[in-house]
Amino acid sequence: MFSIKNAYYRTFQSIFNIAARILPWRKATIVKGIDQIPSLLTRSSLKRPMVVTDAGLMQAGITQKVMAVVGDSGFEYQAYTGVTSNPTVNTVNDIYSRFLQTKCDCFIAVGGGSVIDATKGAAARLARPRKSVQQLGGLLKIMKKVVPIIAVPTTAGTGSETTIAALVTDTDTHHKYAIMDLSLIPRYAVLDAELTVGLPKSITAATGMDALTHAVEAYLCWTYNTKESLNFAEQATKLIFENLPLVYEDGTNLDARDKMLEASYMAGFAFTRAGVGNIHAIAHTLGGLYNTPHGLANAVILPIVLSDYGESVFEKLARLANFAGISGETQQQKALAFIEAIQKLNRDMQIDTGFDFIKEEDIPQMIRWAAKEANPLYPVPVIYNTERFKNVIAKIRKQ
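Along each chain, the written sequence defines residue order, and numbers are assigned to residues from 1. Reporting of local features is limited, given that this is a predicted model, to residues whose pLDDT is at least 70; pairs of side-chain atoms are given and counted only at 80 or more, and all residues count toward the totals for whole chains, interfaces and linings. Think of the side-chain values as coming from all heavy atoms in the structure, minus any hydrogens and water.

> Mind showing me how you'd approach the pattern of salt bridges here?
When charged atoms on two side chains of opposite charge get close, those side chains can pair. Salt bridge, as used here: a side-chain nitrogen of Lys or Arg that lies within 4 Å of a carboxyl oxygen of Asp or Glu. Tallied over the full model, the rule gives 13 salt bridges. For D308, the salt bridge goes to K395, with nearest N and O atoms at 3.9 Å. You can see D308 sitting in helix 12 (residues 294-309) and its partner K395 sitting in helix 16 (residues 386-396), a full 87 residues away along the chain. Under the scheme applied here, a residue whose accessible area is under 20% of the maximum for its type counts as buried, over 50% as exposed, and between as partly exposed, the area being computed with a 1.4 Å probe on protein chains only. Taking the relative accessible area as the measure of exposure, D308 reaches 16% and is therefore buried. The partner of K344 in a salt bridge is D348, and the shortest N-O contact between them spans 2.7 Å. Taken together, the residues K344 and D348, both in helix 14 (residues 331-348) and four residues apart, mark about one turn of the helix. Secondary structure elements follow DSSP: runs of H or I no shorter than four residues count as helices, runs of E no shorter than two count as strands, and numbering proceeds from the N terminus.

> Looking at this structure, I do not really get the environment of D348. What am I missing?
With relative accessibility at 40%, the residue D348 sits in the partly exposed group. Between the C-alpha atom of D348 and that of Y248, which follows or precedes it by 100 residues, the distance is 9.4 Å.

> Would you mind showing me how to read the nonpolar core here?
Most often, soluble globular proteins keep nonpolar side chains buried together rather than apart. The biggest cluster of nonpolar side chains holds 93 residues, and the ones touching the most others in it are M209, L317 and F338. Element by element, the count of residues in this core is highest for helix 10 (residues 254-274), at 11 residues. Note on definitions: a residue-residue contact is assigned when non-hydrogen atoms from the two residues lie within 4.5 Å. Contact partners of M209, with chain neighbours within four places excluded, come to L244, A299, L302, I342, L345, N346, M349 and I351. Nonpolar cores were defined as sets of buried Ala, Val, Leu, Ile, Met, Phe, Trp, Tyr and Cys residues, with membership established by side-chain atoms within 4.5 Å. One finds M50, I95, V115 and V146 within the second-largest nonpolar core, a separate group that totals 31 residues.

> Which parts of the structure should I look at to understand the packing of helix 8 (residues 201-220) against helix 9 (residues 227-249)?
The geometry of a pair of packed helices is captured by two quantities: the angle between their axes and the separation between those axes. The axes are straight lines fitted to the C-alpha atoms, using for helices just the contacting stretch, and the angles between their N-to-C directions are given from 0 to 180°. In contact at an axis separation of 9 Å, helix 8 and helix 9 are set at 165° when each is read in the N-to-C sense. As far as their axial angle goes, helix 9 and helix 8 are roughly antiparallel. The two elements helix 8 and helix 9 meet at a crossing, and its hand is left-handed. In contact with K201, T204, A205, G208, M209, A211, L212, A215 and Y219 of helix 8, helix 9 contributes L230, A233, E234, A236, T237, I240, F241, L244, V247, Y248 and E249. Each residue is assigned to one class: nonpolar for Ala, Val, Leu, Ile, Met, Phe, Trp, Tyr, Cys and Pro, charged for Asp, Glu, Lys and Arg, and polar for all the others, Gly among them. Partitioning the contact of helix 8 with helix 9 into residue classes produces 14 nonpolar, three polar and three charged. Working definition: roughly parallel below 35 degrees, roughly antiparallel above 145 degrees, roughly perpendicular at 65 to 115 degrees, and oblique for all remaining angles. Left-handed describes a crossing in which the near helix is turned anticlockwise from the far one by less than a right angle; the clockwise case is right-handed.

> How should I be thinking about the sheet that holds strand 2 (residues 49-54) in this particular structure?
Where strands meet in a sheet, backbone hydrogen bonds hold them as pairs that are either parallel or antiparallel. The rule for pairing is simple: two strands pair if DSSP sees at least two bridges between them. Read across the open sheet, the six strands follow the order 1-9-6-4-2-3; overall the sheet is parallel. Either end of the sheet is taken by a strand with one partner, and the two such strands are strand 1 (29-32) and strand 3 (78-83). Pairwise comparison of adjacent strand axes, ignoring direction, gives a mean angle of 20° for this sheet. Across two bridges, the pairing between strand 6 (residues 149-153) and strand 9 (residues 188-191) is parallel. When the bridges of strand 9 are listed, I150 appears paired with Y188.

> Teacher, can you tell me more about the sheet that holds strand 5 (residues 138-139) here?
One open sheet holds the three strands; their spatial order is 5-8-7, and the pairing between them is mixed. Of all the strands in the sheet, just strand 5 and strand 7 (165-169) have a single pairing partner and so form its edges. As paired elements, strand 5 and strand 8 (residues 176-180) share two bridges and run parallel to each other. Its bridge partner lying in strand 8, G138 is registered against I179.

> Honestly, the side chain of E217 in this entry has me stumped. Any pointers?
The topology assignment puts E217 in helix 8. Charged residues are defined here as Lys and Arg on the positive side and Asp and Glu on the negative side; His and the ends of the chain fall outside this count. Buried and unpaired, E217 has R10 as its nearest opposite-charge partner, separated by 11 Å. If we skip the residues at most four places from it in the chain, E217 touches G275, V276, G277, N278, I279 and H280.

> What is the right way to look at the packing of aromatic side chains in this model?
The geometry of two aromatic rings is summed up by the distance between their centres and the angle between their planes. We call Phe, Tyr and Trp rings a pair once their centres come within 6.5 Å, taking the six-membered ring for Trp, and we label the pair stacked below 30 degrees between planes, edge-to-face above 60, and tilted otherwise. Scanning the model with the defined rule gives 11 aromatic pairs in all. Ring geometry for Y384 versus F389: centroids 5.3 Å apart, planes at 85°, classification edge-to-face. In this structure Y384 comes out as buried when scored by relative accessible area, which is 2%. By way of ring pairs, the aromatic residues Y8, Y9, F12, F16 and Y224 are connected into one cluster. Definition used: whenever NZ (Lys) or CZ (Arg) falls within 6 Å of the ring centre and also within 35 degrees of the ring normal, the charge is taken to sit over that ring. The lysine or arginine in question, K27, covers the ring of F269, its NZ or CZ lying 5.1 Å from the ring centre. Looking at R125, its charged tip hangs above the ring of Y96, at a distance of 4.2 Å from the centre.

As structure tokens, this is what we get:
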């Protein structure tokens with residue numbers, strides 16, 4: 001059925017697609033091994049890094065490995081260890097203030113998406129100190145060079161080491177939103193499989209499914225994609241289906257861990273260039289309202305939304321099925337088998353089919369936030385109206 005709103009959304013996306021092709025896109029430079037960090041600092045004439053991390057990684061001794069490499073090379077670093085899951089505006093402001101007080105000149109973000117996003121948020125504030133974190137929310141609100149960021153991901157999932165986005169939660173409204181600007185792409189992505197060996201199975205599972213969601217949603221976008229982003233989404237899907245079960249069962253498999261880091265990076269680039277969709281829009285509401293880990297939210301929502309899209313995505317899902325090693329005689333059979341394979345991955349990794357904590361009274365707010373995030377920016381294969389969001393959230397909500 002024709003809708004003036006939908007026509008506006010598609011027109012906006014068509015125009016933005018043209019504009020996006022002239023923007024100065026870049027990728028974070030991949031570096032293998034944390035032992036390379038000192039040479040990266042020297043090469044960039046950086047002398048006083050701030051290492052940003054969380055308490056859990058400190059307790060596990062993971063961040064100390066990076067600090068030792070930096071400190072033993074003669075660099076005087078500062079540390080911020082207070083990042084929590086789904087980082088808040090207050091955390092971003094704390095990092096910003098500490099950076100100024102200690103006169104640092106760059107960031108080394110050691111952690112998962114929360115740590116890297118909080119670091120990016122602080123970098124955004126440093127570039128635009130007269131604007132609040134809330135004012136920086138949205139697309140291209142910085143448009144200015146930020147201090148260098150060296151991202152050291154300790155999970156293989158978020159892809160934040162190569163994206164333009166920093167996801168932040170407003171502690172007053174519980175609204176989770178994104179600061180999005182090309183300047184926030186880290187300068188380097190340091191991939192070191194040994195840092196991911198100690199991950200609990202639940203985090204390995206959720207972050208791996210997060211990466212798969214990035215690849216799939218990017219691939220399904222009807223515009224914005226390039227040959228490179230499509231290829232990255234395909235290769236990431238292949239690597240995840242091949243290696244996620246391996247690292248879940250054997251966390252010490254360094255080869256599979258390394259391939260998952262590569263998959264996360266590629267999926268991150270794919271959705272940075274092509275966009276995400278309704279899955280992420282809904283997942284962010286769960287993170288804001290209930291502090292649900294983002295990867296877990298995506299894992300649960302992914303097969304539900306793909307099933308809801310129906311035949312509109314059969315052709316593209318059938319192509320991804322080929323890369324995932326999933327067979328079928330028709331596009332529909334391959335697409336449905338692909339969705340079933342995702343459901344099986346979730347089952348095998350003890351990921352539930354829904355959430356029992358979603359409150360009935362929160363659903364209208366979830367719909368408003370998700371609709372505002374997705375439309376008109378995300379080039380989704382199916383534009384969701386209020387009723388469609390409501391129906392999908394009902395399937396996510398366990399009673």
